[in-house]
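The lines below spell out each chain.
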Amino acid sequence: MIFWKARELGLQPRIKYPSKMTIFLQGKVWSFNTIDEFQAFIKKRPDLNRKFDIQAQNSRESSKASTSTPGYSPFGSNETDKGSHIPEATPTYSQTSTVVGESSTWGKGAYKTFNDQIFSFESSCTYTFCRHCVESGSYFNIEIKRNNQNDIENITILIDGNDISISGKTILVNGKSISVPFNNKMIHIKHYGDYTKLESRRGILSLIWNAKDKLSLTLHKSYPTCGLCGRLSDTPGDIDKNIANSKISDDCPQSAAKQYEECEDGKEYCNKVIGTYFEKCGKITSLSSEYRQICTEDYCKNGGKKYTCNTFSELSRLCAADGSGAYESWRNDPDIICEKPVCPGTQIYKECSPSNPSTCSNVAPFQNSECVNGCVCPEGYLLDDIGESLTCILKADCPCESNGKVYKPGEVREGPCFSNCTCQEAKWFCTETLCPGRCKVEGSSITTFDGVSYEHPGNCHFLAVHDKNWSISIELRPCPNGQTGTCLNSVALLLNSSLSADKYIFNNDGSVMNNKIKRQGYYNSDAIQIFRVSSSYLQVKTSFGLKMQIQIDPVMQLYISLPPNKFTNTVGLCGSYNNKAEDDFLSSQNMLEKTSQVFADSWEMMSCPKGRPSSCISIENEKFAEKNCLILTDSSGPFASCHSIVDPRSYHEKCRTFTCTCENTKDCLCTTIGNYVKACAENGIYITGWRKGQCEQTCQNGLIFKYNVQACNSSCHSLSERDKSCDIQDVPVDGCTCPDGMYLNSEGSCVLKTHCECYINDEIVKPGKTASIDGNVCICQDGNLLCQEPIDKISQNCTGGAVYVNCSESNAQRRQDKTCSSRNIPSFNEDIPCRRGCFCPIGMVRDSKGNCIFPDDCPCFFGGREYDQGSTTTVGCNECTCIKGSWNCTQNKCQTSCHIYGDGHVKTFDGKSYSYDGLCQYSFVEDYCGQDNGTFRVLTESVPCCEDGLTCSRKIVVALKDQNIVLHDGKVTVVKISESKGCELDTNVYSMHTVGLYLILKFVNGLILIWDKNTRVSAILDPSWSGKQITSSG
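What counts, and at which threshold
Numbering of residues begins from 1 in every chain and follows the order in which that chain's sequence is written. Restriction of local features to residues with pLDDT of at least 70 applies here, the model being predicted, together with a cutoff of 80 or more for giving and counting side-chain atom pairs; totals for whole chains, interfaces and linings are based on all residues. Water and hydrogen atoms were dropped before computing side-chain values, which therefore reflect all heavy atoms in the structure. What makes a nonpolar core is a set of buried Ala, Val, Leu, Ile, Met, Phe, Trp, Tyr and Cys residues whose side-chain atoms join them at distances within 4.5 Å. When accessible area is computed with a 1.4 Å probe and restricted to protein chains, residues below 20% of their type maximum are described as buried, those above 50% as exposed, and intermediate ones as partly exposed. The criterion used for residue contact is that any of the two residues' heavy atoms lie within 4.5 Å. Each helix is a run of H or I in the DSSP string that is no shorter than four residues. Each strand is a run of E no shorter than two, and both are numbered from the N terminus. Charged-residue counts in this description rest on Lys and Arg as positive and Asp and Glu as negative, His and the chain ends being excluded. By definition here, a salt bridge exists when the distance from a side-chain nitrogen of Lys or Arg to a carboxyl oxygen of Asp or Glu is within 4 Å. Interaxial angle, 0 to 180 degrees, is taken between N-to-C directions of lines fitted to C-alpha atoms, where a helix line uses only the stretch in contact. Geometric relationships in this document are graded by angle, where less than 35 degrees denotes roughly parallel, more than 145 denotes roughly antiparallel, 65 to 115 denotes roughly perpendicular, and other angles denote oblique. For a crossing to be left-handed, the near helix must be turned anticlockwise from the far one by less than a right angle; the clockwise case is right-handed. Residue type decides the class: Asp, Glu, Lys and Arg count as charged, Ala, Val, Leu, Ile, Met, Phe, Trp, Tyr, Cys and Pro as nonpolar, and the leftover types, Gly among them, as polar. The term disulfide is used for any two cysteine sulfur atoms that are within 2.5 Å. Here a helix's expected span is defined as the number of its residues, less one, multiplied by 1.5 Å. In this analysis, strands are considered paired if DSSP registers two or more bridges between them. Centres within 6.5 Å make a pair out of two Phe, Tyr or Trp rings, where for Trp the six-membered ring is used; the pair is then stacked when the planes are under 30 degrees apart, edge-to-face when over 60, and tilted otherwise. Working rule: Lys NZ or Arg CZ, within 6 Å of ring centre, within 35 degrees of ring normal, means a charge sits over the ring. What the arc measures is the spread of directions leading from the helix axis to the C-beta atoms. Confidence scores here are pLDDT values: one per residue, from the predictor, ranging 0 to 100.

Participant: How would you summarise the nonpolar core if you had to cite specific residues and measurements?
Facilitator: Of all hydrophobic cores here, the largest spans 47 residues; its most connected members are I472, I474, F506, M548, L558 and I560. Leave out the neighbours within four places in its chain, and I474 touches V441, C460, H461, F462, A464, L488, S490, V491, L558 and L573. Of all hydrophobic cores here, the second largest spans 37 residues; its members include I155, V173, I189 and A257.

In structure tokens form, the structure reads like this:
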């Protein structure tokens, strides 16, 4: 009774037992031995004084409230009253999941109802074990059938649209046999010690059973129930009537509860065993006399001690919920003749073993507050769940797994980007990866060097990359030919200086513009190499390691790569190549923008109209895209081998969007599918055969299609001089190329060697023709040269300080006005002809009002706003000051945050976003990182709210020190873990307060959680975690 009233007043019970009440209130501990003491305390506290009547309750009711149903509410089961007795910022100390009621059956037909009636009867008929008793819309229905030996023969469960049938070790879900573990949108099924456990993802119920004689149901929410489980009420029911009403078929004979038999030997034996090992367990104390009766019945009716083992085993299962205790040694009592279950291999049986044992695939699994009866490996050993043995082995002997292949300890596999990975202690240890930095421009979709993807429907020239001595600009324009959205129109590369000779323009028709280039398709100098790899791609490489692959068919796309680990602070649409995704949106004003739109707009190289986003042009296109893009995610399709390396879901979404915008749907479909194939190739997975059908390519002039084209020594030019394209290693590309034994000539046709022309100083010599070189007469044969021995002035009124430029004057200079916002962007147009008009004097720029000013007098720009000189603004934890037209910011290390919200949308600590609404419990953030010496972990699990599996809330568990803090259903619950040796919880682990709709938890290790009590949770890490290894979502 004291316990009930304490919970009613929103107090925090420290213990569960009704004999004495200890309450932690406002930093002090208060203890009460009687209800009168507690009532007197309430009267002295006006802030706690609420009107209530204390009615006499027998000891069994009081005990039940405190021990049988942790988290019990005296307000009953009405969901509208949920949590009303607990202030939202006050944690309750109870089990991880609220337990409203438990019902079970064991042995040869013993049953316990929700209202703690215990009885037994024998029947081979099918009975309703428990059902949600409503006229329509029942949430669950569980049926049970025992055989003639009274062992459980079949269990049938209907819950949330799932039909589950259990016979022995065979489990059918919706008619299909499944293996354990199993997950779908609405249920989990997993191994649980000696048992199998089913959990409703909506938090309705959980079931555990074994293959022979046990079934236990736990309800986590209050429902009207009927069946052998009884009702959720304190009113005892008519057991025989309940048995009769629960029988499903009228053809079965009626059964009734047994009348208990007693004998002195049995009574003495059961009293001794239960009193010694089980009576003090929380779930047994108030029902010990009933369990003694069942035990005595088994002993006396069947004639011996061995017939009591089923009841003792059930009591041990119930005790395990409290953690370690005296019950663990009951099988070792020489007076008890119950054999220990036989375990496979070298595993040992324990009455209290971890619910999630350590394995080679998970050396430090999360543990909730419960332990279970079951087989585990001896201390210091792990279960080998990777190899086929399922035996207990040392951690050093654990194998590893990669892409479905098992590796023995010490074995080495190839890792990404020329790294080698060694299997050691159940984990991969890899050498340094030498991955190049890659930036992609695929239409309006841009991916930075550090992996941040965003969309920008531009209509302008943009600076894509700028470094000290080189720059790349791109031209994005509205797509032609009836297609909506943005397409890449041209790419410009500027090297070393502003001279026009160092500027290379790549157009979408495959042509390259530069006054040094005499012949399209191949150019080589000390500074740059340009050649055509296939009919679809151009390859570029510079002397300092920059590579570009430019796709020209069917649409233009750009792939830029920089040497691995040679980080440099590039700027532009491709972000900073520094392995820090969080600073990729650095604007041309040296400010970190929050949105990709403002960031990308800042890198416009001139004033331009805004681009329009793409849109679907017809219902037919939408249907075509929906149907044909599914091939990307097909688990048995041509791309399945890459799914574990490159997640296809974002590419599938882009495929649907892009294909729908095209007049020529097949070209757009094949382009986006090709983008996924290229991403796989970048990660070492090479997919072939995928173009058969809709994406088939037709080749002309004797060329053939190949999935991996090698330009090396494939042209007539390579016969005349060493082919330097052989020195370039880049991602393989597909396209049309010459068959083996034939060579590509200057006209784009494949010919035999005997028909190849020769090349000298960019001049072409036809086969069989002669040429004179330094007085030697040479003849072209087999692609090799065989030689002998050795406007009028117009008055203009310019404003804002501008001056008029007349191109007819001999000293006129080419001009292009720069603005304050574009002054830091290098010019790509120094080779434009002279234009007449008003321009700022050389060395000056225009401000936003059109006046010519010196660059150092410019304002700064951030977030689409203009700031005067000397203005300050805050970005994160840094203060930025506008000095001479640029932002100068402090370099403090700031907190980093990770977010999960909605239907599995995640934004990682480094700013990357993805969506994954999995069916299991996942690590949101932890410092274990595959090791067993971590200090904390935050786990997340989506909770569906209806039969279609839509995520409506999220369950968060924080495992830190000696406790698990559970955020679920709008409440916070704290659970002392079973491995903890102390009696009291450490109350200094975290603090908690509410701000508006959000609950904020601050932990002593520098972690902050912000929870909206539904689907959104944010994890913020203190700067002290910077540089430390953290595993988080993504």
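Participant: Tell me about the side chain of K547, and please be specific about residues and values.
Facilitator: Following the sequence through the fold, K547 ends up in strand β40 (residues 547-551). The charged side chain of K547 is buried without a salt bridge, its nearest counter-charge being D730 at 5.1 Å. In contact with K547, other than residues within four places in its own chain, are Q539, V540, K541, Y559, I560, S561, I728, Q729 and D730.

Participant: Tell me about the packing of helix α5 (residues 264-278) against helix α7 (residues 309-320), residues and numbers included.
Facilitator: One way to put it is that α5 packs onto α7 with a least axis distance of 11 Å and a crossing angle of 20 degrees. Considering their axes alone, α5 and α7 lie roughly parallel with respect to each other. As for the relative orientation of α5 and α7, their crossing is right-handed in sense. Of the residues in α7, those touching α5 at Y269, V273, I274 and F278 are F312, L315, S316 and C319. The class makeup of the residues in the contact of α5 with α7 is seven nonpolar, one polar and no charged.

Participant: Lay out the state of the cysteines in plain terms, naming residues and giving numbers.
Facilitator: Here, the word disulfide means a covalent bond between the sulfur atoms of two cysteines. Counting across every chain of the model gives 33 disulfides. Paired through a disulfide, C670 and C695 show a sulfur-sulfur distance of 2.0 Å. Around the S-S axis, the bridge from C670 to C695 shows a dihedral of about -95 degrees and counts as left-handed. Highlighted residues: C670 in helix α11 (residues 665-682) and C695 in the loop between α11 and β42 (704-706), separated in sequence by 25 residues. For the pair C670 and C695, one class covers both residues: buried. The disulfide partner of C716 is C756, and the gap between their sulfur atoms is 2.0 Å. What sets the handedness of the C716 and C756 disulfide is the S-S torsion sign, and at about -70 degrees it is left-handed. Taken together, the positions of C716 in the loop between β42 and α12 (717-720) and C756 in the loop between β45 (750-751) and β46 (758-760) put the pair 40 residues apart, joining distant regions of the chain.

Participant: Got a sec to walk through helix α10 (residues 649-660)? Specific residues and values, please.
Facilitator: The end-to-end C-alpha distance of α10, which contains twelve residues, comes to 17 Å, matching closely the 16 Å that a straight helix rising 1.5 Å per residue would cover. Taken residue by residue, α10 has Y651, H652, C655, F658, T659 and C660 as its buried positions. Looking at the packing, one finds that the buried side of α10 touches β29 (437-442), α9 (619-628) and α11.

Participant: An account of the pairing of strand β5 (residues 101-106) is requested, with residue identities and associated values reported.
Facilitator: With six of its six residues buried, β5 lies for the most part within the structure. On β5, burial covers both faces: G101, S103 and T105 on one face and E102, S104 and W106 on the other are all buried. Taken together, the five bridges between β5 and strand β18 (residues 215-219) define a ladder with antiparallel strand orientation. Pairing of S103 across the sheet is with L217, part of β18. Two strands pair when backbone bridges link them, and β5 and strand β6 (residues 110-112) are joined in this way by three bridges, in the antiparallel orientation. Counted as the bridge partner of S104 is K112 from β6. Linkage of β5 to β6, two consecutive antiparallel strands, is achieved through a turn of three residues, within which G107 is found at a positive phi near 60 degrees.

Participant: Which residues make up the sheet that holds strand β28 (residues 427-430), and what values go with them?
Facilitator: One open sheet accounts for three strands, arranged β26-β27-β28; its pairing is antiparallel. A single partner strand is all that each edge strand has here, and the edge strands are β26 (412-414) and β28. The mean inter-strand angle of the sheet, taken between neighbouring strand axes irrespective of direction, is 35 degrees.

Participant: Describe the packing of aromatic side chains, and please don't skip the residues or the numbers.
Facilitator: Under the definition given, this model contains 28 aromatic pairs. Judged by centre distance (5.3 Å) and plane angle (20 degrees), the ring pair of Y111 and F121 falls under stacked. Linking Y111 in strand β6 with F121 in the loop between β7 (118-120) and β8 (126-132), this pair joins segments that are ten residues apart in sequence. With a relative accessible area of 3%, F121 lands in the buried category. Look at F121 and Y127: their rings are 5.2 Å apart centre to centre, the planes differ by 70 degrees, and that puts the pair in the edge-to-face class. A network of ring pairs unites the aromatic residues Y269, Y277, F278, Y299, F312 and W330 as a single cluster. Directly above the aromatic system of Y139 lies the positively charged group of R202, at a separation of 4.8 Å from the ring centroid.

Participant: Go over the sheet that holds strand β50 (residues 784-787), please, and point to the residues and values.
Facilitator: One open sheet holds the three strands; their spatial order is β48-β49-β50, and the pairing between them is antiparallel. Looking at strand neighbours, the two that pair on one side only are β48 (770-773) and β50, the edges of this open sheet. Looking at each pair of strands side by side, their axes are set apart by 35 degrees on average, direction ignored. Alignment of strand β49 (residues 776-781) against β50, held across four bridges, turns out to be antiparallel. The partner of I779 across the bridge, within β50, is L786.

Participant: Describe unusual backbone geometry, and please don't skip the residues or the numbers.
Facilitator: Glycine aside, residues mostly have negative phi angles, and peptide bonds mostly take the trans form. Each neighbour pair has its own omega, and for V180 with P181 the value is 5 degrees, a cis peptide bond. Its place among the elements puts P181 in the loop between β13 (176-177) and β14 (182-183). Along the chain, D553 connects to P554 via a cis peptide bond; the corresponding omega equals 5 degrees. Tracing the backbone through its elements, the reader meets P554 in the loop between β40 and β41 (557-562). For N150, which is not a glycine, the phi torsion comes out positive at approximately 70 degrees. Relative to the assigned elements, N150 resides in the loop between β9 (140-146) and β10 (152-159). We classify N150 as buried; its relative accessible area is 9%. With a phi angle near 50 degrees, D160 is a residue other than glycine that sits in the positive phi range. With respect to the element layout, D160 can be found in the loop between β10 and β11 (162-167).

Participant: Got a sec to walk through α5? Specific residues and values, please.
Facilitator: Taking 1.5 Å of rise per residue, 15 residues should cover 21 Å, and α5 covers 20 Å from first to last C-alpha, within 8% of that figure. What α5 keeps buried is the set G266, Y269, C270, V273, I274, Y277 and F278. Taken end-on, α5 shows its buried residues confined to a sector of 115 degrees, consistent with a single buried face. Relative to its buried face, α5 has exposed residues pointing more than 90 degrees away, namely E264 and E268.

Participant: How would you sum up the confidence of the model for the chain? Please name residues and give values.
Facilitator: Looking at the chain, pLDDT values average 83 and 85% of them are 70 or higher. Taken together, the stretch residues 49-96 has pLDDT below 50 and engages in 108 contacts with residues farther than four places along the chain or on a different chain. Note that pLDDT drops below 50 for residues 790-795; the model gives that stretch eleven contacts with residues more than four away or on any other chain.

Participant: With reference to specific residues and values, describe the pattern of salt bridges.
Facilitator: This structure, assessed with the given rule, holds 25 salt bridges. Close ionic contact of E279 with R292 constitutes a salt bridge, the shortest N to O distance being 3.2 Å. One end of the pair, E279, is in the loop between α5 and α6 (288-302); the other, R292, is in helix α6, and 13 residues separate them in sequence. The exposure class assigned to R292 is buried, which follows from its relative accessible area of 17%. The closest approach of N and O atoms between K610 and E604, which form a salt bridge, is 3.5 Å. Judged by its relative accessible area of 13%, E604 is buried.

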